[in-house]
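So you can see what is in the structure, the chains are spelled out below.
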Amino acid sequence: MKLRTISKSEHETKHIAQTIASCFNLGDLILLDGDLGTGKTYFVKGFAEGIGSADPVTSPTFSLANFYSARNGMELLHIDLYRVESVDEFNDLGLTDFFPQTITVIEWGMKFAGIFDDYFSVSLAYCSDKKDAREITLSCTGEKHIATMNSIAQKLPNLISC
Ligand SMILES: Nc1ncnc2c1ncn2[C@@H]1O[C@H](COP(=O)(O)OP(=O)(O)OP(=O)(O)O)[C@@H](O)[C@H]1O
Ligand SMILES: [Mg+2]
């Protein structure tokens, strides 16, 4: 099952992420996919707000990972794999040890998707005709996130099932 929507602005991308954030729990993994500048970091900004974080979200392209605290002691782990060249390099960072205790969002996450079991995927793509429009496709692997997809379908208007 895939769900698709169009965002017409950075504000709308943030709002979409903010709206669906409450559908996720600790231990969940979200892989963000999409070309440079499609809005992956903007998506994380909205997502962090949606789980009640007041921390500033910045791109971890160089730090590789940022932690943000959210409501009820929850933590968001924000990773960017753009500069990580191999699965070994990623594993050496030891970040997966945190996954059970955080909600984890990984920019360029599909690079090493094969090493992850159950994940939710958010793919952002440019729309050829409009500069600020992005096609956002939501999908999941494994059983775990089927319920997540259903609760997102209740929350977001204008979703196309595909
Ligand atoms: N609909 C939209 N959604 C998100 N960002 C948009 C949208 N329209 C325009 N933008 C602009 O596109 C850029 C998205 O930047 P952002 O850093 O979120 O991209 P990114 O996918 O994280 O890039 P990178 O691959 O470098 O990490 C911003 O400059 C933002 O203002
Ligand atoms: Mg980014």
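This structure is a prediction, so every number in the text was calculated from the model and none was measured.

What counts, and where the lines are drawn
Residues numbered from 1 in each chain as written. Chains lettered and ligands numbered in written order. Predicted model: local features only at pLDDT ≥ 70, side-chain atom pairs only at ≥ 80, totals over all residues. Helix = DSSP H or I, 4+ residues; strand = E, 2+ residues; numbered from the N terminus. Rg over C-alpha atoms; globule rule 2.2 N^0.38 Å. Buried ≥ 20, exposed ≤ 12 C-beta atoms within 10 Å, placed from the backbone. Contact = placed C-beta atoms within 7 Å. Expected span 1.5 Å × (residues − 1). Near = placed C-beta within 6 Å. Nonpolar A, V, L, I, M, F, W, Y, C, P; charged D, E, K, R; others polar.

**Here's the deal with the overall build of the chain**
A tally of helices and strands in the chain yields four helices and eight strands. Counting helices and strands in the order they occur from the N terminus, the chain gives β-α-β-α-β-β-α-β-β-β-α-β. Against the 2.2 N^0.38 benchmark of 15 Å for 162 residues, the chain shows a C-alpha radius of gyration of 15 Å, consistent with a compact globule. Summarising its shape, the C-alpha atoms of the chain cover approximately 40 × 30 × 30 Å along the three principal directions. Across the 162 residues of the chain, 36% fall into the buried class. Of the contacts made within the chain by residues no fewer than 6 positions apart, 66% connect residues no fewer than 24 positions apart.

**Re helix H1 (residues 10–21)**
With twelve residues, H1 extends 17 Å between its outermost C-alpha atoms, agreeing within 8% with the 16 Å of an ideal straight helix rising 1.5 Å per residue. Tucked inside the fold, the buried residues of H1 contact strand S1 (2–7), helix H2 (40–50), strand S7 (134–140) and helix H4 (146–155).

**Brief notes about the site of ligand 1**
Every one of the 17 residues lining ligand 1 counts as a neighbour, but Thr13, Gly39, Lys40, Thr41 and Asp132 are closest to it. Of all the elements in the fold, those that place two or more residues in the shell around ligand 1 are H1 and H2. Grouping the constituent residues of the shell around ligand 1 by class yields two nonpolar, nine polar and six charged.

**Examining H2**
Buried residues dominate H2, accounting for ten of its eleven residues. Every buried residue belonging to H2 is among Lys40, Thr41, Tyr42, Phe43, Val44, Lys45, Gly46, Phe47, Ala48 and Gly50, and all of these are buried. Its buried side turned inward, H2 meets H1, strand S2 (29–33), strand S3 (65–69), strand S4 (75–80), strand S5 (103–107) and strand S6 (120–126). Of the residues trailing H2, Gly52 is marked for its positive phi of about 85°.

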